[in-house]
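# Fold and geometry: a report
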Amino acid sequence: MAATISYAVGSLVWVEDPDEAWLDGIVAQVNGDELTINCTNGNIVVANMSKVYPKDPEAPPSGVDDMTKLAYLHEPGVLDNLKRRFDINEIYTYTGNILIAVNPFQRLPHLYDGNMMGKYKGAALGDLNPHPFAIADSAYRLMINDGISQSILVSGESGAGKTESTKSLMQYLAYMGGRSDTDGRSVEQKVLESNPVLEGFGNAKTVRNNNSSRFGKFVEIQFDQRGRISGAAIRTYLLERSRVCQVSDPERNYHCFYMLCAAPKEDFERFKLDNPRNFHYLNQSNCYQVDAIDDAKEYLTTRRAMDVVGISPDEQDAIFRVVAAILHIGNIEFKKGSEPDSSEPKDDKSVFHLKTASELFMCDEKALEDSFCKRVIVTRGESITKNLDPVAASVNRDALAKTVYSRLFDWLVNKINRSIGQDPDSKSLIGVLDIYGFETFKTNSFEQFCINLTNEKLQQHFNQHVFKMEQEEYTREEIDWSYIEFVDNQDVLDLIEKKPGGIIALLDEACMFPRSTHETFAEKLYQTFTNHKRFSKPKLSRTDFTISHYAGEVTYQTELFLDKNKDYVVAEHQDLLGASKCSFVASLFPPLPDESSKSSKFSSIGTGFKQQLQALLETLSSTEPHYIRCIKPNNLLKPSIFENSNILQQLRCGGVMEAIRISCAGFPTRRPFLDFINRCRILAPEVLNGSCDVITACRKILEKVQLKGYQIGKTKVFLRAGQMAELDAVRNEVLGRSATVIQKQVRTFFYHRWFGQMRMSAITIQAYTRGEVARCLFEHKKKERASVRIQKESRKYLARKSYLAFCSSAITIQRGMHGMAARNELRFRKRTKAAILIQCQYKRHIARRQFTRTRTAAIVAQCAWRVKLARRELRKLKMAAKETGLLQEAKNKLEKQVEELTLSLQHEKRLRADLEETKKQENSKLQLALEEMQNQYQETKTLLMKEREENVNKTGKHDQETKTLLTKGEENVNKTGEQVQETKSLLTEREENVNITGKQGEETKTLFMKGGEENVNKTGELVSLIQEVHVVDNDLVNKLTNENEQLKGLVCSLEKKIDEVEKKYEETSKLSEERLKQAQDAEAKIIQLKTTIQRLDEKIADMETEDHILRQQALKSSSRRMSEHPELPSGTPRKNFGTESLRKSQMERQRELSDALIKCVAGDVGFSQGKPVAAFTMYKCLLHWKSFEAERTNVFDRLIQLIGSKIENSDDNCHLAYWLSNTSTLLFLLQRSLKSSKDWKPPQPTSFFGRMAQGFRSSPSSANIQVDIVRAVEAKYPALLFKQQLTAYVEKIFGIVRDNFKKEIFPLLSSCIQDTKTAQGGTSSPVPVVNHWRSIIEKLQKFIDILKENHVPKILVQNIFTQIFSFTNVQLFNSLFMRQECCTLSNGEYMKAGLDELETWCQEATEEVIHPKSDITYDDLTSNLCPVISNMKAVMTGEDKSEVDSETINDAVLLEDTSSTPFSVDELSASQEDRDFAGVKAPISLVENPDFQFLQD
């Protein structure tokens, strides 16, 4: 075509370039067939005329929307038109009915909105700008109008925008169909949502693309009779099965394998996965990861997509279980077995993968191994089991992997189709085909061979369609096209798929022979196709072959052709997996007909590929095709980059150039009549006179040029290839001649006009010159006269100027002198006034400062006095609170004593009733005896005289005894009277003092009980004696009767006194409750007063701070004034006022340090060398900060509050022991360090705080303490008050710890006085120590361990245990006294055994429990552990007493436990004199703080 065109200098042409594909330029020189071209990029190229194409100079800058409208339809013209449209974001262009879509790699939302779809609805193809909506609308209209199914073939490389184009098509079809699914998602949305699943299992990385589809997808959108969408289906074709087992470097296998290896840990471990490098099916290539793909995220995305398309979680697990099984199958290697030509797993690793695969498939492991290593051959009468060698076993293994993966992919597609829903009644559909494009790589294997075969078939279908469209165009225009040849690629298709003799047939034949190799296959190809024009053998290879496809030549490597083409359908695999326990795996292998299941048959992948391809073409042939070719403008995937070479290759592979070649075979240039006349009318100007029509005008133009072979249709002029260039060449010649004539006439006109203008100019110049000369002469004279006048005026001006300057200078000097004198005077007056003002301000400042100091001192003195009064009132209130506590304690004791008196009174009443009955009986007996005596008196009168002397003697003795008894009775009555008087006095004293009343009430009870009992006993003795006396006369009887009456009166008076005592006790109880309420109110007032005092302290501190700030500001202002008047006398006093701010910063710093200290010691910082770290740290910090010597500080209050808050939880003995150790050690350090001022004396101890100060009696010398740690300081009142409070907290914690342990053992003590066997009525064996005593000992041991762990001082431990043992003895004694039934020999032995065990434990822990002694006796124990009982008779001490005397019990009293503090501060200090604090380490949290570095010194 190009050879017939003649080029002239100045012609615009396209020349080929290796980098930019094509460059435009201008012909600079013509030398035969060689053209010298100046390119627009500055290069000069020499090219042959046959390789140069003409360029249309009249091409629009924005290109044309249909490339059939191009004047020159060739590669550079098409490429240039696409680039011009791409530069203005016009990404769609027609080539006839073919739509070319260039991916812009950016969002263009205005092209796809609802308004745009509305514009294309019903518009004819070509009326609007090119768009996928136009293709979709055309297909939809044809389907509706003609009732013919349509198909839209979308092709192109991955990344060219096929998915977006498909989405646009389905979006428009859904817009036209107008039906949505019930769940709100349209059919096209469901189809698009299935893409991640299909891409995960059907896409892989290739050399050219990271996400290349290795299968074809045909989406059928089904419509009903009304044109509404009724269903959809996805058909997949040509899945590349061989990629499962063979992968070329640097490609990857399917994405799902790598996604599964990057799955979460749970799935990773469940499927027993490993790194992709360790799987045979993945490590055949060195590429494991892709930069743009995150396999872990893709795994989750695929999972979510499966949820969307309706795949259940169980089915998802089964799917990935199958994928994992395929990976494990690939790692099974085989070696030669023990039998000939047999095989078995190679090693333990292979056995592990075999076992894992069987577990994942849920089948038998041995059966799976046999299916790999053995083959069953079924004959007519029997079946023969044949062993397979390792190579055959590996082939068998790969066949299973490919079969399983292929069926898994088919299952996914079917599942997606079921989820989308199909319409079986649909009669028409529109299919959208998305399939991979033509591929040519450096290494091309069996996969590229099959893909290129697909594209050859599709290209043939495309060529037929294009040729058909050309024929329709020619027929419509009624032109002759019989001589136009159809450009076909059938020879390439016959070369590949012809039977027999095609490449696929020869490949199947080679695969059927076990001995065939790729060398023999290649040799067979060379022999068969030696003379074929489309087949050739490369020179440097012995096994490669080259096929000339429509898109170019591709060289294939045959090394893996045979392996990738083999696909065995093994019956053992079918039976094994069909019987799997996993229903999903079994569903992949449904039962086969009997004929096909008897033996294994070879299946060719190439043949199956060809059959699927034929089915696809049959489907496309049954529809009306439409084509969209997607173009990827650059490999960087970035916008605004247009790579010519890349796009040109895609145009060739996409068949666009082939379509252009088909067009060029006929009439590539087609112009409407008017366009042709407007372009070529210059060739025949006579046609413009209006005498002929457009057809005749066009024919005249063409005849005048003498063109041959053109055709004139009904509306267009059809030109053969190159004829438009010839017309342009002739047109350029005519334009050149016309331009020469026009230039001649224009130049003549210009020169005539120039001559006339020159002559007129000369005349005008002469006239102007004469006038200028006259004007110059006149001007000279005028200037001469003016210069004289100017000289005169200038001289006058200069003289006047000189005079005025002299006068001005004199005046200026005088004014300056006067001003300087005035300023000096003003400065002197200002300084004088400033000095006076400064002196005034300074004197006022001195006076104000003196007044402020006096006022501050007065306020401080008032505040101090008020604080003193408040503290004195506080102490009084605390004393009152303490007395209230004592009253409460006395009240409790009195209540207990009243109960005991009530019991005693009831007992006394019972005794009195018994006594009265006894008296009545005795009186009756006496009266009877008296009557008998009187009756016998007469009878014995005679005998009485004889026996007179003897009776006189006996009567004298009895009288003496009677007198003695009467004397004793009178003494008892006197004693009772005295006791009543004592009771009255005791009751009176109790009203005055409640504490004394408690003690005297106890004595009254005791004396009353003793007196009453003695009176009753004496009365009983007297009655018994009276019974024995032989009455002689009535005087004695009357006397005794009177005496009894007196005794009754005494008893009545005692009852009255007891009632009075009870009434007074009730009054006293009411008074105690009132005082308790008063004490509580006083305590609340104390707390309120303390809060008020703290607020006053804070206000005083704030006032002092404000005073300092005001003073500082005043002094700063005065200092500034002083600095403004430097003439002040040097003796003027000045003061540096920075100390107050420094003091304020120091206060803030001190507050921060105290916060850090309290935060540290608030936790458990432990012990160092047996000493509490917290106490040592607090002491060192207080000593370093000189807090002991400060007049006012709040650090002591904060420490006391900290200790108080830490002991609020009084149930944790370990926590309390820790703080007891710290507070006692800190008290010891304070006792050693602090010494009070001479002019300060602590207040007398009158209350609870007075008791806190009892420890300040004296301080031993601290000679034994290290000087660098503990040193004496002069303590101020806050430090001494802190010491008092700390003493009180030591005693309080001591009491809490002691009482807590008493509470623990109290329930056990009541059970320790009676043997359990005796209590149950059994006989007591030798007395063992039972659980109660053991529990007490265990609690004692646990308690002493807690005290040891917290390093409580030994003196505190000893005192605690002393009081605990005292409490134990008191409780045992009282229990025995109150429970007399327990006073038996067996219980005594039981309790003695328990006390012996307790004594044994005491001996083992002597140093910690009691003071060490050489020999501990029973008396020592009773005197040390229970001092109250040492002066009384111990119950159960004698081992030889069988029972307890009742008189001893009656003589005993209930004992009380003491709760006093058994130690003093001096004793505590003396017990710790030998403690060394030199090696104690401070807490790490404080040592790391630079402000606490002194703790390490």
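Anything mentioned here points back to the structure above.
Just so it is clear, the structure is predicted and the values come from calculations on it, not from any experiment.

### Notes on the overall build of the protein
Helices and strands together make up the secondary structure of the protein, namely 46 helices and 30 strands. Within the protein, buried positions represent 44% of all 1497 residues. Intrachain contacts of the protein at a sequence separation of at least 6 include 72% that bridge at least 24 residues. When the accessible surface of the protein is summed, it comes to about 79900 Å², and 51% of that surface belongs to carbon and sulfur atoms.

### Thoughts on the nonpolar core
One finds Phe201 and Phe257 to be the most contacted residues of the largest nonpolar core, which totals 104 residues. The element that contributes the greatest number of residues to this core is helix α13 (residues 390–420), accounting for 12 residues. Discounting chain neighbours no more than four positions away, the residues touching phenylalanine 201 are Tyr254, Cys256, Thr302, Met306, Ile319, Phe320, Val323, Tyr405, Leu408, Phe409 and Leu412.

### What about helix α23 (residues 644–653)?
For α23, the buried fraction is high: seven of the 10 residues fall into the buried class. Within α23 the residues assigned to the buried category are Asn644, Asn646, Ile647, Leu648, Gln650, Leu651 and Cys653.

### As for the sheet that holds strand β5 (residues 52–54)
The five strands lie next to each other as β4-β3-β2-β1-β5, forming an open sheet whose pairing is antiparallel. What marks the edges here is a single partner per strand, and that holds for β4 (44–48) and β5. Each neighbouring strand pair of the sheet contributes to a mean axis angle of 45 degrees, computed without reference to strand direction. Summarising the sheet, strand β1 (residues 12–17) and strand β2 (residues 21–31) pair through six bridges and their orientation is antiparallel. Among the inter-strand pairings, aspartate 17 is bridged to a residue of β2, identified as alanine 21. The strands touched by helix α1 (residues 75–87) within the sheet are β1, β2 and β5, with β2 carrying the most contacts at an inclination of about 130 degrees.

### Re the pairing of strand β26 (residues 716–719)
With four bridges connecting them, strand β24 (residues 669–672) and β26 associate as antiparallel partners. Directly across from threonine 669, in β26, lies its bridge partner leucine 719. Bridge count for strand β25 (residues 711–712) against β26 is two bridges, and the pairing is antiparallel. Bridge pairing links glutamine 711 to phenylalanine 718 in β26. Count of turn residues in the β25/β26 antiparallel hairpin: three residues.

### Thoughts on helix α19 (residues 571–578)
For the α-helix, the turn length of 3.6 residues means that residues three or four positions removed from each other point alike. Judged by how many residues are buried, α19 sits mostly within the fold: six of eight residues are covered. Looking at α19, one finds that the buried residues are Ala571, Glu572, His573, Gln574, Leu576 and Leu577.

### What about the pairing of strand β8 (residues 150–155)?
When you tally the buried positions in β8, you get six out of six residues, the bulk of the element. Residues Gln150, Ile152 and Val154 line one face of β8 and the alternating positions Ser151, Leu153 and Ser155 line the opposite face, and both faces are buried. Bridge analysis of β8 against strand β17 (residues 428–435) gives six bridges, and the strand direction is parallel. Residue pairing across strands places valine 154 opposite aspartate 434, the latter belonging to β17. Relative to strand β23 (residues 624–631), β8 is paired through six bridges, and the arrangement is parallel. Looking across to β23, one finds that serine 151 is bridged to proline 625.

### Observations regarding unusual backbone geometry
Looking along the chain, the bond that leaves aspartate 249 and enters proline 250 is cis, with omega of 5 degrees. Within the secondary structure, proline 250 is located in the loop between β12 (229–237) and α7 (255–261). We note that phenylalanine 105 has phi near 55 degrees; this positive angle belongs to a residue other than glycine. Within the secondary structure, phenylalanine 105 sits in the loop between β7 (98–102) and α2 (114–120). In this model, lysine 272 sits at a positive phi of 55 degrees, which is unusual for a non-glycine residue. With respect to the helices and strands, the residue lysine 272 is situated in the loop between α8 (265–270) and α9 (295–308).

### Structural notes on the state of the cysteines
All told, the structure shown has zero disulfides when counted by the stated rule. Cysteine 256 provides the cysteine sulfur closest to cysteine 261, a residue in no disulfide bond, and the two sulfurs are 9.7 Å apart.

### Points about the packing of helix α10 (residues 313–330) against α13
Between α10 and α13, whose axes approach to 9 Å, the crossing angle comes to 160 degrees. Comparing the axis directions of α10 and α13 gives the class roughly antiparallel. Crossing of α10 against α13: the hand is left-handed. Where α10 abuts α13, its residues Glu315, Ile319, Val322, Val323, Ile326, Ile329 and Gly330 lie against Arg397, Leu400, Ala401, Val404, Tyr405, Leu408, Trp411, Leu412 and Lys415. Class assignment of the residues belonging to the contact of α10 with α13 gives a composition of 12 nonpolar, one polar and three charged.

### Some thoughts on a negative patch on the surface
Taken together, Asp1059, Glu1060, Glu1062, Glu1066 and Glu1067 make up a surface patch of like negative charges. By the secondary structure assignment, glutamate 1066 is in helix α31 (residues 1034–1124).

Criteria and thresholds
- Residues numbered from 1 in each chain as written.
- Predicted model: local features only at pLDDT ≥ 70, side-chain atom pairs only at ≥ 80, totals over all residues.
- Heavy atoms only, no water.
- Helix = DSSP H or I, 4+ residues; strand = E, 2+ residues; numbered from the N terminus.
- Buried < 20%, exposed > 50% of the residue type's maximum accessible area, 1.4 Å probe, protein only.
- Contact = heavy atoms within 4.5 Å.
- Areas by Shrake-Rupley, 256 points an atom, 1.4 Å probe, with all protein chains shown as cover.
- Core = buried A, V, L, I, M, F, W, Y, C linked by side-chain atoms within 4.5 Å.
- Pairing = 2+ DSSP bridges.
- Axes fitted to C-alpha atoms, helices over the stretch in contact; angles between N-to-C directions.
- Disulfide = S-S within 2.5 Å.
- Parallel < 35°, antiparallel > 145°, perpendicular 65-115°, else oblique.
- Left-handed = near helix turned anticlockwise from the far one by under 90°.
- Nonpolar A, V, L, I, M, F, W, Y, C, P; charged D, E, K, R; others polar.
- Patch = residues over 30% accessible without salt bridge, like charges linked within 9 Å, V, L, I, M, F, W, Y side chains within 5 Å.
- Salt bridge = Lys/Arg side-chain N within 4 Å of Asp/Glu carboxyl O.
- Lys, Arg positive; Asp, Glu negative; His and termini not counted.
- Charge placed at Lys NZ, Arg CZ, Asp CG, Glu CD.

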